[in-house]
Structure formats: C-alpha cells, structure tokens
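Listed here are the chains, written in short residue letters.
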Amino acid sequence: CVGSPSALDLAYEVLAPGGTLSSIGVHSGTFPFTPSQGYDKNITYRTGRCPARSLMKSAEFLLQYAKDSLNINMVEIITHQFNLSDGEKAYEMFDQKQDGCLKTVLYPDKTEN
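About the cut-offs
- Residues numbered from 1 in each chain as written.
- Predicted model: local features only at pLDDT ≥ 70, side-chain atom pairs only at ≥ 80, totals over all residues.
- Heavy atoms only, no water.
- Buried < 20%, exposed > 50% of the residue type's maximum accessible area, 1.4 Å probe, protein only.
- Helix = DSSP H or I, 4+ residues; strand = E, 2+ residues; numbered from the N terminus.
- Pairing = 2+ DSSP bridges.
- Right-handed = clockwise from strand over helix to strand, strands pointing away.
- Phe/Tyr/Trp six-rings, centres within 6.5 Å; stacked < 30°, edge-to-face > 60°.
- Contact = heavy atoms within 4.5 Å.
- 1 Å grid on protein atoms, 1.4 Å probe; cavity = no way out; pocket = protein on both sides within 12 Å on 5 of 7 lines; lining within 4 Å.
- Points joined across faces, edges and corners; volume = space filled by probe spheres on them.
- Nonpolar A, V, L, I, M, F, W, Y, C, P; charged D, E, K, R; others polar.
- Core = buried A, V, L, I, M, F, W, Y, C linked by side-chain atoms within 4.5 Å.
- Arc of directions from axis to C-beta.
- Lys, Arg positive; Asp, Glu negative; His and termini not counted.
- Salt bridge = Lys/Arg side-chain N within 4 Å of Asp/Glu carboxyl O.

**Let's talk about the pairing of strand β3 (residues 80-83)**
Thinking step 1. Residues of β3 alternate between two faces, with His80 and Phe82 buried on one and Gln81 and Asn83 left unburied on the opposite face.
Thinking step 2. Pairing between β3 and strand β4 (residues 104-107): four bridges, direction parallel. Among the inter-strand pairings, histidine 80 is bridged to a residue of β4, identified as threonine 104.
Thinking step 3. For the crossover from β3 across helix α4 (residues 87-95) to β4, the handedness is right-handed.

**Examining the packing of aromatic side chains**
Thinking step 1. Here the structure, examined in full by the defined rule, presents four aromatic pairs.
Thinking step 2. Here tyrosine 12 and phenylalanine 33 contribute two aromatic rings whose centre-to-centre distance is 4.3 Å and whose plane-to-plane angle is 15 degrees, an arrangement assigned as stacked. Of this pair, tyrosine 12 sits in helix α1 (residues 5-14) while phenylalanine 33 sits in the loop between β1 (20-24) and α2 (35-40), placing them 21 residues apart in sequence.
Thinking step 3. Take tyrosine 12: its relative accessible area is 9%, and that puts it in the buried class.
Thinking step 4. Taking relative accessible area as the criterion, phenylalanine 33 reaches 8% and is therefore assigned buried.
Thinking step 5. Ring centres of phenylalanine 33 and tyrosine 45 lie 6.0 Å apart, and the angle between their planes is 80 degrees; on these two criteria the pair is classed as edge-to-face. With phenylalanine 33 in the loop between β1 and α2 and tyrosine 45 in strand β2 (residues 44-48), this residue pair connects regions lying twelve residues apart in the sequence.
Thinking step 6. A connected cluster of aromatic rings, assembled from ring pairs, spans Tyr12, Phe31, Phe33 and Tyr45.

**Examining the side chain of serine 23**
Thinking step 1. Position of serine 23 relative to the elements: it lies in strand β1.
Thinking step 2. When near neighbours in sequence (up to four residues on either side) are disregarded, serine 23 contacts Leu8, Tyr45, Arg46, Thr47 and Gly48.

**Observations regarding the layout of surface pockets**
Thinking step 1. In this structure, the second largest pocket spans a volume of roughly 160 Å³.
Thinking step 2. Every residue lining the second largest pocket is listed: Ala90, Tyr91, Phe94, Lys103, Thr104, Val105 and Leu106.
Thinking step 3. Counting residues per element, the ones that place at least two in the lining of the second largest pocket are α4 and β4.
Thinking step 4. Residue composition of the lining of the second largest pocket, grouped by class: five nonpolar, one polar and one charged.

**Re the nonpolar core**
Thinking step 1. Of all hydrophobic cores here, the largest spans six residues; its members are Leu8, Tyr12, Leu15, Leu21, Phe33 and Ile43.
Thinking step 2. Look past the residues within four positions of isoleucine 43 in its chain and what remains in contact with it is Tyr12, Leu15, Gly19, Phe33 and Gly38.

**Examining α4**
Thinking step 1. Those residues of α4 lying buried are Gly87, Ala90 and Met93. What you see down the axis of α4 is that its buried residues fit within an arc of 125 degrees, all on one side. Opposite the packed face of α4, turned more than 90 degrees from it, sit the exposed residues Glu88, Lys89 and Tyr91.

**Details of the side chain of lysine 41**
Thinking step 1. For lysine 41, the position within the fold is in the loop between α2 and β2.
Thinking step 2. With no salt bridge to any partner, buried lysine 41 finds its closest opposite charge in glutamate 13, at an N-O distance of 5.9 Å.

And the structure:
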C-alpha cells in the first residue's frame, strides 16, 4: 500500500543489488534505508506521483471492459462515499484505514435552489 512503511521496507529487502525501487505516491513514517545503504546496495530509487489525469481515458476503457466482458462489478471496492466538502475527512479515513476503508468516492455537494 502506498503510505505503508512496511510496503517500502519489504520492497527494499527483496530488491536485488543493482535493482531499481519505484515508489508512486506519498510515504510517511520512517524510511527503511539510508542513502548510504542504498549506495552500498547500488540501487536506483525512483519516486513520483501517479499521472492520474493522463490515464483517465485508458482507465475508463479498462473499467468498461471489466464490467462488460469480464462481468466484474467495480462498485464493490467502494467502501465509503463523501460530499466533496468532506474531502479532508475522507482522506484522513482512507489514510488511516479507518472503518475498513478501501476506496472513497467524493461527490459534488448538492446545492438547494
């Protein structure tokens, strides 16, 4: 999981000397190796953000294919739904894995006319 120190720790432990460790997302907590240890193991460490916007068309196609051809219901992974104005609360719940949170969906706040 992104943000889980144990995931990055495991990745470093199983990485062969001279290998590349890629981490997409934000990790918090302690870092499992020092720059000196990475140097001694001769690793390449790459990090960055997921380019989500550039992947939307592909993701939409794959989700539709999964639904239509593979009969997979993607809605089952959505465990929590929030109004957009509750985004901070939603992220906190997701980040701390509270209440069995796997995936949150934020919806625009409804305004009354």
